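Structural characterization, general
So the chains spell out like this:
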Amino acid sequence: MTDFKQAKRNRKWDTSFTILLLVLLLLCTNFFISTINYSIDLSKEQKYSLSLETISRINRITDPIDIIITIPESNNLPKVIQKLLFDLNLILESYQKVKSNKIRIHRINIDSALTSSNLINKFNLVERNEICAYSESGKKKLIFKYKEPEGINILDRENIFRSKDSLAREKIWESGFYDTWTEGANGIMEPSEFLGEEVILRSILELTATSNQQQVAYFSRGHGEGSPSDINPIKGFSELRSILENQNIKVSTIDISTISQMPSNAKLLFITDPRGTFQDKEISVISDYINRENGNLLIAFDPSEEISTMGKPAYGFRTLLKQWGIRCHDMLIHDPIKNNFDVFTGDYSLKTYSREKSHRVVNKLRDGAYSVQSSRLRPVEKITSEIKDLITSEILFSRRSSWALSSWINRTIPPILNDLLDLKGPVPVIALSEINKKIQKNDLNSRKGKVVVMGSSSILTNKRLKENTGNRFLTKNIINWMIEERGMLDIEPKSISTYNINLNEREYVNLLYALSVIPISTALIGLFVGWLRKEL
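These numbers come from a predicted model, not from an experiment. (Residues numbered from 1 in each chain as written. Predicted model: local features only at pLDDT ≥ 70, side-chain atom pairs only at ≥ 80, totals over all residues. Heavy atoms only, no water.)

With that settled, the discussion passes to unusual backbone geometry. Across the junction of Ile 413 and Pro 414, the peptide omega takes the value -5°, indicating a cis bond. Topologically, Pro 414 is positioned in the loop between β17 (403-405) and β18 (423-424). Notably, Tyr 315 is not glycine yet its phi reads approximately 60°, a positive angle. With respect to the helices, strands and loops of the structure, Tyr 315 is situated in the loop between α9 (305-309) and α10 (318-323). In this structure Tyr 315 comes out as buried when scored by relative accessible area, which is 1%. Positive phi values are uncommon outside glycine, yet Ser 407 reaches one of about 45°. Of note, Ser 407 is situated in the loop between β17 and β18. For Ser 407, a relative accessible area of 53% gives the class exposed. (Helix = DSSP H or I, 4+ residues; strand = E, 2+ residues; numbered from the N terminus. Buried < 20%, exposed > 50% of the residue type's maximum accessible area, 1.4 Å probe, protein only.)

What follows is the structure, given as structure tokens:
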């Protein structure tokens, strides 16, 4: 009897010791695996792996880049922000595992970041809800920023209530992280492609560009133009300057009458709301810049009473624009329908896009039914050019009820449509032009630039850029279109799948009960078998 008890006791010790050894083995195995920086992407189409081009470019980087995320992971964040963090974390892990070890990822909670104080001091981190890239020298590239909505005074008629999810979705749309948005089963626009790899790589390449490679946007001066330093909340252009600087583009001004050619670092030239005519010498400098120096020109002309009665047409730019297949008429767009104007600000609402010949600059605006706000406008239309392979597009139009008035200073109010001299709506108000680079011909090799002409500078002013999403989208898209390096990146977007389960409270409770049946049954059977062995 004693030997039987001793044998039973020994079996218990053996069982306990075996369990202890298995636990220790699992812990050691887990620790060993965690020290191995290696992963295998088993997903279809290699969704979470970097393309060969990305790896090649990252390996050529000489100085390290720090990508810092100050968005705290929380279930209280809007679902679309949580989705971005999830998708981004997977692709950032791939960046961090590139052999060159030049990309370092940091996730910091600004509110309680005692362990990361060195990084906070080094890069002067003070903003929450940002994703930024920093060079070793401290140069910053803002990749994404989410601003939590503050309290809204419901008695203020100028404030329009929008949910956290709506505002977050708008920021995600604007960031360019996702593409191909389609309406889901719940009526909400959902993306089907993730562009995180390309967005991150572009930001890294901008930071690693040397000082002489940094892109500079020049604003012309000397003709009463708008200044990028003007902080006037309504008519200033400082918000446009901020958009450019957030893209790591340096902003400066230049008097074209004092130079013989544009600076070599000039990537963009802005001419906003000029009040005086440009001289032939200045037009020649600008023409050489966009024809031979891979320059990009954006002109925003406002209707002007003075220039309509004296000086050269289109402030002296008519001949140059004609070469690029664009004509900016000295006319004023009139719309008799009051509903096409904002009730509080009086701004004119532009939301007419061409569906037959849509341009990628406005595709997202059209698909999202966004409007662009403006004050007075003048027509900007496409015309026939001597350059055969010129691609000119009219991308935004006034309403169908509008028309463009000729000799508008002398017209009676309200004006009556002149079928012979006036242009019937919808009237184009923005046009852009470039050379078709797919067709290489000897007589076109010298023309490399791009031209954008707007019929109103108010589209780019502080008031519209701050208050209207459509204006910001349009401005950013135009800038990106002008400065893009043709064929620079060949990175396929990552397809993503979205699944939605809609349950009410009763269905949710029933689902929990159904899922708990198997584990509870297994536990009860185990208890019963254990009791049965004791009894036998």
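Moving on, there is more to tell.
This part takes up helix α13 (residues 469-483). Because each turn of an α-helix spans 3.6 residues, side chains separated by three or four positions end up pointing in the same direction. The terminal C-alpha atoms of α13 lie 21 Å apart, and with 15 residues this matches the ideal 21 Å at 1.5 Å per residue to within 8%. Buried residues dominate α13, accounting for twelve of its 15 residues. Among all positions of α13, only Thr 469, Gly 470, Asn 471, Arg 472, Phe 473, Leu 474, Thr 475, Ile 478, Ile 479, Trp 481, Met 482 and Ile 483 are buried. (Expected span 1.5 Å × (residues − 1).)

Turning our attention to the pairing of strand β8 (residues 250-254). Alignment of strand β7 (residues 216-220) against β8, held across five bridges, turns out to be parallel. Counterpart to Tyr 218 in the pairing with β8 is Ser 252. (Pairing = 2+ DSSP bridges.)

Within helix α7 (residues 238-246), the full set of buried residues consists of Ser 238, Glu 239, Leu 240, Ile 243 and Leu 244. Tucked inside the fold, the buried residues of α7 contact β7, β8, β9 (266-272), α12 (462-467) and α13. Among the residues trailing α7, Asn 248 stands out with phi positive, at a value near 65°. (Contact = heavy atoms within 4.5 Å.)

The next subject is the packing of aromatic side chains. Using the criterion set out here, one finds twelve aromatic pairs in the structure. Here the aromatic cluster, defined as three or more aromatic residues joined through ring pairs, consists of Phe 144, Phe 177, Tyr 178 and Phe 194. Positioned above the aromatic ring of Trp 481 is the side chain of Lys 450, whose terminal nitrogen or guanidinium carbon lies 4.4 Å from the ring centre. (Phe/Tyr/Trp six-rings, centres within 6.5 Å; stacked < 30°, edge-to-face > 60°. Lys NZ or Arg CZ within 6 Å of the ring centre and 35° of its normal.)

Relative orientation of the contacting elements α7 and α13 amounts to 50°, with a least axis distance of 11 Å. One way to sum up the angle between α7 and α13 is to call them oblique. For α7 against α13, the interelement crossing comes out right-handed. Each of Glu 239, Leu 240, Ile 243 and Leu 244 in α7 lies in contact with α13, whose residues at this interface are Arg 472, Thr 475, Lys 476 and Ile 479. Along the lines of polarity and charge, the residues of the contact of α7 with α13 split into four nonpolar, one polar and three charged. (Axes fitted to C-alpha atoms, helices over the stretch in contact; angles between N-to-C directions. Parallel < 35°, antiparallel > 145°, perpendicular 65-115°, else oblique. Left-handed = near helix turned anticlockwise from the far one by under 90°. Nonpolar A, V, L, I, M, F, W, Y, C, P; charged D, E, K, R; others polar.)

With respect to the helices and strands, the residue Ser 401 is situated in the loop between β16 (390-397) and β17. Of the residues examined, Ser 401 reaches a relative accessible area of 28% and is grouped as partly exposed. Measuring from C-alpha to C-alpha, the distance between Ser 401 and Pro 336 comes to 7.3 Å, with 65 residues separating the pair along the chain.

One finds Ile 67, Phe 177, Leu 244 and Leu 474 to be the most contacted residues of the largest nonpolar core, which totals 79 residues. Considering every element that reaches this core, the biggest residue donor is helix α3 (residues 79-96), with eight residues. With residues up to four places along the chain from it excluded, the contact list for Ile 67 reads Leu 92, Ile 103, Arg 104, Ile 105, His 106, Ile 131, Cys 132, Ala 133, Ile 200 and Ile 204. (Core = buried A, V, L, I, M, F, W, Y, C linked by side-chain atoms within 4.5 Å.)

With that settled, the discussion passes to the sheet that holds β16. Strand order in this open sheet of seven strands is β8-β7-β9-β10-β20-β19-β16, and the pairing throughout is mixed. Either end of the sheet is taken by a strand with one partner, and the two such strands are β8 and β16. Strand after strand, the sheet turns through a mean of 15° between neighbouring axes, direction not considered. Sheet analysis places β7 next to β9, joined by four bridges and oriented parallel. What sits directly across from Tyr 218, in β9, is Leu 269.

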